[in-house]
Protein chains: 2
Amino acid sequence: MFFKLLKKSKKSKARLGLIKTEHGVMKTPAFFPVATKATVKALTPEEVREIGFEGILANTYHLYLQPGNKLIKKLGGLHQFMNWPGPLATDSGGFQVFSLGSGFGSGIGKILKPEQVGLRDNSQKLKLVKIDEDGVTFTSHLDGSRHRFTPEISIKIQEDLGADIIFAFDEATSPLADYEYNRKAMERTHRWAKRCLKIKKRTGQFLFGIVQGGPFKELRKASAQFIGSLPFDGFGVGGSYGVGDSLGRVDDVLDWVIPYLPESKPRHLLGIGYLNDIKMAVKKGIDLFDCAMPTRLGRHGVFLTNKGEMNILRPIHRTDNQPVMKNCRCYACQNYSRAYLNHLFKANEILAARLATEHNLWLMARFFDRIKKEIRMGKL
Amino acid sequence: MFFKLLKKSKKSKARLGLIKTEHGVMKTPAFFPVATKATVKALTPEEVREIGFEGILANTYHLYLQPGNKLIKKLGGLHQFMNWPGPLATDSGGFQVFSLGSGFGSGIGKILKPEQVGLRDNSQKLKLVKIDEDGVTFTSHLDGSRHRFTPEISIKIQEDLGADIIFAFDEATSPLADYEYNRKAMERTHRWAKRCLKIKKRTGQFLFGIVQGGPFKELRKASAQFIGSLPFDGFGVGGSYGVGDSLGRVDDVLDWVIPYLPESKPRHLLGIGYLNDIKMAVKKGIDLFDCAMPTRLGRHGVFLTNKGEMNILRPIHRTDNQPVMKNCRCYACQNYSRAYLNHLFKANEILAARLATEHNLWLMARFFDRIKKEIRMGKL
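Predicted, not measured: the structure shown is a model, and the values here were computed from it.

What counts, and where the lines are drawn
The numbers attached to residues start from 1 for each chain and follow its sequence in the written order. Labels are handed out in written order, letters beginning with A for the chains and numbers beginning with 1 for the ligands. In keeping with the model being predicted, local features are shown solely for residues with a pLDDT of at least 70 and side-chain atom pairs are shown and tallied solely at 80 or more, while totals for entire chains, interfaces and linings include all residues. For the purposes of this entry, the term helix denotes a DSSP run of H or I that reaches at least four residues, the term strand denotes a run of E that reaches at least two, and both are numbered from the N terminus. The globule rule used here is 2.2 Å times the number of residues to the 0.38 power, and the radius of gyration it is set against is calculated over C-alpha atoms. C-beta atoms are first placed from the backbone for all residues, and any pair lying within 7 Å is then listed as a contact. Whether a residue is buried, exposed or partly exposed follows from its count of other C-beta atoms within 10 Å of its own C-beta, namely 20 or more, 12 or fewer, or something in between, respectively; the C-beta atoms are built from the backbone. To obtain the arc, one takes the directions from the helix axis to the C-beta atoms. Strands were regarded as paired on the criterion that DSSP finds at least two bridges between them. In this analysis an axis means a line fitted to C-alpha atoms, helices contributing only their contacting stretch, and an angle means the value between N-to-C directions, from 0 to 180 degrees. We place the copies in one frame by least squares, fitting the C-alpha atoms of every residue whose pLDDT is at least 70 in both. Residue ranges labeled as domains rest on an automatic or database domain assignment. Only Asp, Glu, Lys and Arg are considered charged in this grouping, and only Ala, Val, Leu, Ile, Met, Phe, Trp, Tyr, Cys and Pro are considered nonpolar; every other residue, Gly among them, is considered polar. UniProt positions are given in the numbering used here, feature names are shortened, and annotations may be inferred rather than shown by experiment.

Draft legend 1. Summary view of the overall build of chain A. Check the secondary structure of chain A and you find 15 helices and 16 strands. Relative to its length of 380 residues, chain A is compact, with a C-alpha radius of gyration of 20 Å against a globular reference of 21 Å. Structurally, chain A occupies a C-alpha span of about 60 × 50 × 50 Å along its principal axes. Pairs at least 24 apart in sequence give 69% of the contacts found in chain A among residues at least 6 apart.

The following block contains the structure:
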């Protein structure tokens, strides 16, 4: 059995579970650090595991472009290529095709300010990404070359990569897209979901369907109902969310969709990584998360702390002999001062990115430890 | 006792020794990986020690400019600042003042082609670095600001940093400088050497004098005789060497100077890191080395191997599932293929620099293990 539901909270919809793959298990709720181009940036696989993560998520779009899925398959698959022995997920490439491959202007994946909501239009139609019923033609962000993904191609690439968990190819809509566009994109995503289920052949890989529908209640419910009824091994919640009062925020969307997703299968909230959002989502019944945020912030000198974000480049840290967090037991906090980290970032040293990434992932791992403990103890 | 001579080879002037500092010992012959800005680029201190190095060398010029020696002193000294508990050396800043601080045009530290030797002139006189009897005024390579080093200032900075081994402030001449200029610079270096000995106050730090004289036999002998007679704790051989037949190469220079350096004190060949040169120099009686080469080459994708340098970015490595070196037991060779390393470098991933640095230093450490073993067994 791929997913085992171990415990349901009585205080919320939070749950403890166990995911079993050919490459080991994951205790849920769990976070996948992002290994975009077959490496969790700045760290070794051993370090990621020692910090406390059981699974990581790599990006199909990036690996298809560089070094190529055929090469990775020839070299023994992604696990072997990148020396990651544990559970591994790949996304479908859909999100990146629309956000990176569309000419950098779609706004997908960005959090919009309230005043921008009024600007909603069908920005999916940017000239560099062309969507038709069969698939998507897009432009490489690396060299401007033209490429095409269809549901069949996305699954084929993910089969070549050989991750344990793979995702159905979906259309991620821009936060600027209106109701009507979201409806069309959702319906297309539903047709693509069925094609993904049909084409998938390789065993030992578990396929997740993705719920879309943007910030609209009616669409989200319809999408969850449709996708949730298909024989996927798990479900992702993707796409964009609203920010004002009139549109569904992440928490609204989860309220709308979770009731339609089978309790016996794991649920993944795609691309959400802020701690408050994660805790909220766990309470609403989400089991899995992935996000580039903790690692990306780290590389830019932003340390996550239990009192919020700390930008180590601020002048106040230049002479400060304290660690970033006093009670943190990560390697950086145990061995280095804020002053040293400030120096490393100003001097553009590689060790800076390592230490910050390690700290942020450490904090994230301990956060998930606590979440699991709270569910176990009936406190969440 | 700072230095203990343990064994002298009967086949050459090679020797085994032991350096004792307040922060631990170093078995010589030994190599100092370079920690220019208070970090061996891409690695943690623990990794450097696990690879097999007992000491590292940081750069006074860089740390004076960023983050500043006063700050490092206030934060407990360089050992604590950078979390390096073992033996630590700092250079005098002299070499960088002339090579980096002189407007990037001096050619110091570069290996010249034979046809360039005819171009020798007094390029030390470039407008951005001004030398007088008292010291040197130079321009920061970071922001163009003006600074001044004298022998007294260099020692003060090195006392603030607090390394176990420090160096006298010397004038490094350009490979383009002629005999007459080298003579003047050498004599100034000799006067500065005495000032360094006079001003040094802090205990627990061992001061090395530096032999100069460029590629000229008469000057090198005079310099070794003079510097070797002063009460330094050890001696460095610095400056530039010739490439043609008419001027002294590194091996010639060592033949000239070693006989004048007291046997009871350690000898450091500054900035030389190619394996053949190191072996040659050990045979001529050198105990200590430092060089940015293995780490710098690594960051640019060049792996040192027992068959020469391998540029992992070459297209031939793109599909190659072999490790860089079959019999290498470093972390990179044990776990990753050339294809993966080629991918990491092309994708500009931080892990690329880590793995290549680790491999190159590993190779270097094993090379020094073998050198010590060969001396011990009477084979070198």
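After that view, the rundown keeps rolling.
Draft legend 2. Layout of helix H9 (residues 250-257) of chain B. Residues and elements named next belong to chain B. Looking at H9, one finds that the buried residues are Val250, Val253, Leu254, Trp256 and Val257. Considered in projection along H9, the buried side chains sweep an arc of 160 degrees and stay on one side of the axis. On its buried side, H9 packs onto strand S11 (206-211), helix H8 (217-228), strand S12 (234-237) and helix H10 (275-283).

Draft legend 3. Structural detail: the environment of Glu46 of chain B. By secondary structure assignment, the location of Glu46 of chain B is in helix H1 (residues 45-51). A sequence separation of 38 residues divides Glu46 of chain B from Trp84 of chain B, and the C-alpha atoms of the two residues are 8.2 Å apart.

Draft legend 4. Summary view of the sheet that holds strand S7 (residues 130-131) of chain A. Residue and element names in this part refer to chain A. Here three strands make up an open sheet; going across it, the order is S7-S8-S9 and the pairing antiparallel. For this open sheet the edge positions go to S7 and strand S9 (146-149), each flanked by a neighbour on one side alone. Where S7 meets strand S8 (residues 136-139), two bridges bridge the pair, whose relative direction is antiparallel. Looking at the pairing, Ile131 lines up with Val136 of S8.

Draft legend 5. View of the sheet that holds strand S2 (residues 15-21) of chain B. Residue and element names in this part refer to chain B. Pairing within the open sheet is antiparallel, and its three strands lie in the order S1-S2-S3. Both outer strands of the open sheet, strand S1 (3-8) and strand S3 (24-28), are each paired with one neighbouring strand and no more. Across this sheet, the average inter-strand angle for adjacent strands is 15 degrees, counted without regard to direction. The pairing of S2 with S3 spans five bridges and is antiparallel. Each residue of the ladder has a partner; that of Lys20, found in S3, is Val25.

Draft legend 6. Local environment of the relation of the copies chain B and chain A. Of the transformation superimposing chain B on chain A, the axial component is 0.0 Å and the angular component is 180 degrees, with the fit at an RMSD of 0.0 Å. Put plainly, the chains are arranged around a two-fold axis. For chain B, the minimum C-alpha distance to the rotation axis belongs to Ile350 of chain B and amounts to 3.5 Å. Of the residues that chain B buries at the interface, 100% are likewise interface residues in chain A, meaning the two copies contact each other through the same surface.

Draft legend 7. Quick peek at the domain arrangement of chain A. Residues and elements named next belong to chain A. Partitioning chain A into domains gives domain 1 (3-291) and domain 2 (293-380). Inter-centroid distance (C-alpha atoms) of domain 1 to domain 2 is 27 Å. Taken together, the contact pairs 29 residues of domain 1 with 21 residues of domain 2. Those elements giving two or more residues to the side of domain 1 that touches domain 2 turn out to be strand S2 (15-21), strand S4 (30-33), helix H1 (45-51) and helix H11 (275-283). Sort the elements by how many residues they give to the side of domain 1 that touches domain 2 and H11 lands first, with four residues. Partitioning the side of domain 1 that touches domain 2 into residue classes produces 16 nonpolar, four polar and nine charged.

Draft legend 8. Spotlight on unusual backbone geometry. Residues and elements named next belong to chain A. Looking along the chain, the bond that leaves Thr28 and enters Pro29 is cis, with omega of 5 degrees. In this structure, Pro29 sits in the loop between strand S3 (24-28) and S4. Its identity as a non-glycine residue notwithstanding, Ala42 has a phi of 85 degrees, on the positive side. Assessed through the 25 C-beta atoms surrounding it within 10 Å, Ala42 is described here as buried.

Draft legend 9. Quick peek at the pairing of strand S15 (residues 302-305) of chain A. Residue and element names in this part refer to chain A. Both S15 and strand S16 (residues 308-311) contribute to a ladder of four bridges, which runs antiparallel. Across the sheet, residue Val302 finds its bridge partner in S16, namely Asn311. In this structure, the hairpin formed by S15 and S16 is closed by a connection of two residues.

Draft legend 10. The arrangement of the UniProt feature "active site" (unreviewed entry) in chain A in detail. Residues and elements named next belong to chain A. Following the UniProt record, the feature "active site" (unreviewed entry) maps to Asp91 and Asp290 here. Spanning 200 residues, the annotated positions come together in the fold, the maximum distance between their C-alpha atoms being 10.1 Å. Dropping the residues within four chain positions of it, Asp91 is found in contact with Leu57, Asn59, Thr60 and Phe167. The residue Asp290 is located in strand S14 (residues 288-291) in this model. Beyond its immediate sequence surroundings of up to four residues, Asp290 is in contact with Phe31, Phe32, Val34, Leu57, Leu270 and Gly271.

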